[in-house]
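# A closer look at the structure
So the chains spell out like this:
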Amino acid sequence: MTGVKKEKPLLEVLDLSLSFKKIKRGLHEEWQDTLNHVNIAISKGEVVAVVGASGSGKSLLANAILGLLPSNAYLSGKIFYYGEPLTGREQKKLRGKKITLIPQSIQSLDPRMKAGKQVRVAAHSKISKKSQRKLFERVKLPRASEKQYPFQLSGGMAKRVLIASSIARDPELIIADESTLGVDDYVASEVLSLLKQFAKKGKGVMFITHDIKAALTIAHKVVVLYAGTTVEVAPSSHFEGNGEKLRHPYTKALWQALPQNGFHPLQGEQPLLGQVKKGCSFASRCSWADDQCYEVTPSNKIYDEGQVRCFHA
Ligand SMILES: Nc1ncnc2c1ncn2[C@@H]1O[C@H](COP(=O)(O)OP(=O)(O)OP(=O)(O)O)[C@@H](O)[C@H]1O
Ligand code: NI
């Protein structure tokens, strides 16, 4: 449509790289590079899945967005929130309010605090007991559980307390870190449907997971992270058939490794962050790789519906 100004994405991460300064005796400094040119955008009402194997940098990315990195961390690149730079000061202001995290582990609950109070404390005591009960209803927590301590809750209920806490202050962006990990299928599908509902209400949801199948049940698009780099961003609809519509060989391999697609495992291992060699980080496992891939890092190619980092895609 002409004349209609396109709304800026809720969150935009552009070419974000992250290194840690290592403590070294002597004169020279040593750096450990982790995230490397990460690009991701999330709009209101959108679920974006960030998919990657263990150690690919998913939680680092979440922490970078939330401003929760240790003091030896150095970031380059940009993070925008509604088109404005998300500075450390803004992160502090928005964190826990407009941008919230659903942590990976239920260990993040305070073991000495009853469930109802956990949620009221997450809301900085700005909500009444009545509102807390409404939140409990929203995440399908029985009223009686508000008086229970975390150890008395089932794993699924504890997850729901984390989720209720994360929405207590009506956030705009919810970052869910492996929220379906370690729960049974039933709880996982309930968690997924809650995340989907949040997006339907206009929030942006970043769903971090290594489970591409779970991601595809709710995500509008999938960001694939490999060894700290976003190698592909593709709409969920491109994950079909043999993966012909997917562009990056790693994304194709992830798709083809699913039991429903023939269970073709990918040989080799993802390099550890900090030990990624020059060139394309996927080259050593890629059947398409040629000399160039071992020498030069592919740039990010943007196409209509997504982006890809591969010379041959
Ligand atoms: N504070 C730090 N200093 C140096 N390196 C770090 C630091 N935190 C994380 N890393 C490095 O970054 C890597 C990726 O960590 P991250 O937790 O982001 O992975 P992940 O994709 O979330 O994995 P998982 O699926 O297992 O949760 C780690 O393996 C580690 O090598
Ligand atoms: Ni993680």
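Details of the structure are given in the entry above.
These numbers were taken from a predicted model, which means no experiment stands behind them. (Residues numbered from 1 in each chain as written. Chains lettered and ligands numbered in written order. Predicted model: local features only at pLDDT ≥ 70, side-chain atom pairs only at ≥ 80, totals over all residues. Heavy atoms only, no water.)

A word on the packing of aromatic side chains. Aromatic rings considered in pairs are described by the distance between their centres and by the relative angle of their planes. The full count for this structure, using the stated rule, is seven aromatic pairs. With a centroid separation of 4.9 Å and 80° between ring planes, the pair formed by W31 and Y74 is classed as edge-to-face. On the criterion of sequence distance, the pair formed by W31 in strand β2 (residues 30-33) and Y74 in strand β5 (residues 73-81) is long-range, its members being 43 residues apart. Since its relative accessible area comes to 37%, W31 is described here as partly exposed. Taking the relative accessible area as the measure of exposure, Y74 reaches 42% and is therefore partly exposed. Judged by centre distance (5.9 Å) and plane angle (75°), the rings of F239 and W255 are edge-to-face. Placement of F239 in the loop between β11 (229-235) and α8 (249-256) and of W255 in helix α8 is noted, with a sequence separation of 16 residues between them. Per residue, the accessibility class of F239 equals that of W255, and both read buried. Aromatic rings pair up to connect Y226, Y250 and F282 into one cluster. The ring of Y303 has R247 lying over it, and the distance from NZ or CZ to the ring centre is 3.5 Å. (Phe/Tyr/Trp six-rings, centres within 6.5 Å; stacked < 30°, edge-to-face > 60°. Helix = DSSP H or I, 4+ residues; strand = E, 2+ residues; numbered from the N terminus. Buried < 20%, exposed > 50% of the residue type's maximum accessible area, 1.4 Å probe, protein only. Lys NZ or Arg CZ within 6 Å of the ring centre and 35° of its normal.)

Counting buried residues in β11 gives seven out of seven residues, a clear majority hidden from the surface. Here strand β10 (residues 221-226) pairs with β11 via six bridges, running antiparallel. Its bridge partner being in β11, V224 is matched across the sheet by E232. The antiparallel pairing of β10 with β11 creates a hairpin that spans two residues between the two strands, and A227 there sits at a positive phi of about 45°. Summarising the sheet, β11 and strand β13 (residues 306-308) pair through two bridges and their orientation is antiparallel. Each residue of the ladder has a partner; that of V233, found in β13, is Q307. (Pairing = 2+ DSSP bridges.)

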